[in-house]
Amino acid sequence: MSALRVTHLTPALFGRGGVFGGGERYAFELARHMARRTPTTLVAFGDRPEVFTTPDGLQVRVVGPAWAVRGQPFNPLHPGLIRAVASADVIHAHQTNVVASELAALLGRLGGRRVFTSDLGGGGWCLGSRLRTERWFHGHLHISEYSRTLAGGTGNPRHRVILGGVDTDRFSPDERVPREPLVVFVGRLMPHKGVDVLIDALPPGLTLELIGRPYHDEYFARLKATAAGKRVVFRPDCDDAEIVRAYRRAACVVLPSVYRDCYGNESRVPELLGQTPLEGMACGAAAVVTDVASLPEVVADGVTGFVVPPNDPAALRARLEWLRDHPGEARQMGEAGRRWVQERFTWPAVVSRCLAAYTGDDA
């Protein structure tokens, strides 16, 4: 039997030529690791066409210049998509609610190919607002149990949980690097991330490094004002190597996402997975997250870190103080976190779950 040819489809490429986002990283890393098992192509949209191959053997095809459906930048379309998916046995779209994924589903169905989709958040106007396009896909592959529940897929065999992955070779501890009284946040500086709560909760004796770009000017100004007089460092431009070094130095990594932000805005789906706590735990840091969306699936409360109520700086401060005052136990939590990631959240494991879904194998 010939190898399965898989094409992954994502609205934008991860990295300096595309977008530094969790969804874009997810699609790229999954495709990159899948290329080690079976012929794999990643198709993305961009300002200009480009084709290249990664050291893992992943072929990347950027089609463009893309047209933004109804002016929505994360809802791109280009006729090059038709040719780009033509040779695939399986098409895996990494955004459900965009026109490109629906078009890929139709092309796949017409060509006798199997088509799957994963919701990585976001989306835009699509035919699904008028038609039941979810049936166009052979399966929905969710990155968390929360995501499956949100989609109404619990108990439905067409909905599977594949989880997310971490490159545990790249994101790994280094025993030569001492742990510091350091709290690390990695992510976009957006209101629904609850960074203002984290700054408010920061106790004496700890330094907070905020690694991420601001995408909301008013909120960024608010964060800087809240941080005045505290040991808070803003680091907007860090590559993976710098992020890994921060994780290795940190006593803990924190993701304090909220359903209701400081402006009163509601976010129904603040986190579909929670990539940064996984990366931090892979590097041996304890993790603290809020009891929001998928995050309790990522951190085992009291074992690999702590789960605290959202919008509760006092509760968050208490856990940070405990980690500050119990460095030995914090290190043990970090070690347990790495084992937890290695058991469930590696890219080879996600690849195996995907391939099983593609072929209908329930093993």
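Residues numbered from 1 in each chain as written. Predicted model: local features only at pLDDT ≥ 70, side-chain atom pairs only at ≥ 80, totals over all residues. Heavy atoms only, no water.

What follows is about the overall build of the chain. Across its full length, the chain carries 12 helices and 16 strands. In summary, the chain has a C-alpha radius of gyration of 21 Å against a globular reference of 21 Å for 363 residues, a match within 12%. Along the first, second and third principal axes, the C-alpha set of the chain runs to 60 × 40 × 40 Å. Within the span of the chain, comprising 363 residues, buried residues form 54% of the whole. Considering only residue pairs separated by 6 or more positions, the chain has 66% of its internal contacts joining residues 24 or more positions apart. (Helix = DSSP H or I, 4+ residues; strand = E, 2+ residues; numbered from the N terminus. Rg over C-alpha atoms; globule rule 2.2 N^0.38 Å. Buried < 20%, exposed > 50% of the residue type's maximum accessible area, 1.4 Å probe, protein only. Contact = heavy atoms within 4.5 Å.)

Another point: helix H11 (residues 327–344). End to end, H11 covers 26 Å across 18 residues, agreeing with the expected 26 Å (1.5 Å per residue, within 8%). Within the span of H11, buried status applies to Ala 330, Met 333, Gly 334, Ala 336, Gly 337, Arg 338 and Val 341. Buried residues along H11 sit against helix H8 (275–282), strand E15 (286–290), strand E16 (305–308) and helix H10 (313–325). (Expected span 1.5 Å × (residues − 1).)

This part is about the nonpolar core. Within the largest apolar cluster, 75 residues are counted, with the highest numbers of intra-cluster contacts made by Val 183, Leu 198, Leu 210 and Tyr 358. It is helix H12 (residues 347–359) that provides the largest number of residues to this core, a total of 7 residues. (Core = buried A, V, L, I, M, F, W, Y, C linked by side-chain atoms within 4.5 Å.)

Let us now look at the packing of H10 against H11. One way to put it is that H10 packs onto H11 with a least axis distance of 5 Å and a crossing angle of 105°. Here H10 is positioned roughly perpendicular relative to H11, judged by the angle of their axes. For the pair H10 and H11, the contacting residues are Trp 322, Leu 323, Arg 324 and Asp 325 in the first and Pro 327, Glu 329, Ala 330 and Met 333 in the second. Its residues assigned to classes, the contact of H10 with H11 comprises 5 nonpolar, no polar and 3 charged. (Axes fitted to C-alpha atoms, helices over the stretch in contact; angles between N-to-C directions. Parallel < 35°, antiparallel > 145°, perpendicular 65-115°, else oblique. Nonpolar A, V, L, I, M, F, W, Y, C, P; charged D, E, K, R; others polar.)

This brings us to the sheet that holds strand E4 (residues 59–63). Taken together, the 8 strands give an open sheet; going across it, the order is E3-E4-E2-E1-E7-E8-E9-E10, and neighbouring strands pair in mixed fashion. Only two strands of the sheet have a single neighbouring strand rather than two, namely strand E3 (50–53) and strand E10 (159–161). Put simply, the sheet's adjacent strands are angled 20° from each other on average, direction ignored. In terms of strand pairing, strand E8 (residues 114–117) meets strand E9 (residues 139–142) through 2 bridges, oriented parallel. Bridging across to E9, Phe 116 finds its partner in Gly 139. Packed on one face of the sheet, helix H1 (residues 22–34) meets strand E1 (6–12), strand E2 (40–45) and strand E7 (90–93) and runs near 160° to E1. The sheet contacts of helix H3 (residues 99–110) involve E1, E2, E7 and E8, and relative to E8 the element is tilted by about 160°. (Pairing = 2+ DSSP bridges.)

Let us now look at the packing of H1 against H12. Where H1 contacts H12, the axes come no closer than 9 Å and their chain directions differ by 80°. Here H1 is positioned roughly perpendicular relative to H12, judged by the angle of their axes. Along the contact surface, H1 presents Tyr 26, Glu 29, Leu 30, His 33 and Met 34, while H12 presents Trp 347, Pro 348, Val 350, Val 351, Cys 354, Leu 355 and Tyr 358. A breakdown of the residues in the contact of H1 with H12 according to their chemical character gives 10 nonpolar, 1 polar and 1 charged.

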